[in-house]
Amino acid sequence: MPGSFALLAARAGPTPNAGGHNAEDEPIGFFLAQVLFADGELLSFGVVPLCRRRGYGRRLLAEGLAVAQRQGAERIQLEVAENNRRAQNFYVSAGFSLVGRRSAYYGLGDGKAVDALILRKPLA
């Protein structure tokens, strides 16, 4: 996808090589985004459950936003499920604000759906 980029966060293994990495490095998070002109979109982001609430996600998000800004994004937006309060709180604490909603965007296993909240953050 044009303008797309991904970051992978890894926790260092016990014996890094000269490049600072080794086969024992453990992937713990990812950030996938796209930048088109001045608009960025955070497509997918996550941290493995055992590594949450330790600052890894906040650092990964900050690095991803910095990359998007270097690629020309002046703002970035994302969608989060209305019932995902933990993610909403995380993004709001990182400076995102609610700008819209997509009705019944995320399907649930029981045939129901929840809205997607659209959050945006200025980068400039």
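Shown above is the structure to which this text applies.
Residues numbered from 1 in each chain as written. Predicted model: local features only at pLDDT ≥ 70, side-chain atom pairs only at ≥ 80, totals over all residues. Heavy atoms only, no water.

**Some words on unusual backbone geometry**
Located in the positive-phi region is Phe 37, a residue other than glycine, with phi close to 60 degrees. Inspection of the secondary structure puts Phe 37 in the loop between β2 (26–36) and β3 (39–47). By relative accessible area, which is 72% here, Phe 37 ends up exposed. A positive phi angle, near 50 degrees, is found at Ala 104, a position not held by glycine. In this structure, Ala 104 sits in strand β5 (residues 97–107). (Helix = DSSP H or I, 4+ residues; strand = E, 2+ residues; numbered from the N terminus. Buried < 20%, exposed > 50% of the residue type's maximum accessible area, 1.4 Å probe, protein only.)

**Focus: the packing of aromatic side chains**
Evaluated as defined, the whole model comprises 7 aromatic pairs. A centroid spacing of 6.3 Å and a plane angle of 55 degrees characterise the contact between Phe 45 and Tyr 91, whose relative ring orientation is tilted. Here Phe 45, found in strand β3, pairs with Tyr 91, found in helix α2 (residues 85–93); they are 46 residues apart in sequence, far enough to count as distant. This pair shows no difference in class: Phe 45 is buried, exactly as Tyr 91 is. Relative to Tyr 106, the ring of Tyr 105 lies with its centre 5.1 Å away and its plane at 90 degrees, an arrangement referred to as edge-to-face. (Phe/Tyr/Trp six-rings, centres within 6.5 Å; stacked < 30°, edge-to-face > 60°.)

**Comments concerning the pairing of β2**
Across 8 bridges, the pairing between strand β1 (residues 4–11) and β2 is antiparallel. Residue Ser 4 lies in a different strand from β2, and its bridge partner there is Gln 34. As judged from the 8 bridges shared by β2 and β3, these two strands associate in the antiparallel manner. Of the residues in β3, the one forming a bridge with Val 35 is Gly 40. In textbook terms, the turn of a hairpin is the stretch between consecutive antiparallel strands, and for β2 and β3 this stretch comprises 2 residues, one of which, Phe 37, has a positive phi near 60 degrees. (Pairing = 2+ DSSP bridges.)

**Quick word on a nonpolar patch on the surface**
There is a patch of nonpolar side chains on the surface, built from Met 1, Leu 8, Phe 30, Leu 32 and Leu 43 and spanning about 490 Å² of accessible area. Considering the arrangement of structural elements, one finds Leu 32 in strand β2. (Patch = residues over 30% accessible without salt bridge, like charges linked within 9 Å, V, L, I, M, F, W, Y side chains within 5 Å. Areas by Shrake-Rupley, 256 points an atom, 1.4 Å probe, with all protein chains shown as cover. Salt bridge = Lys/Arg side-chain N within 4 Å of Asp/Glu carboxyl O.)

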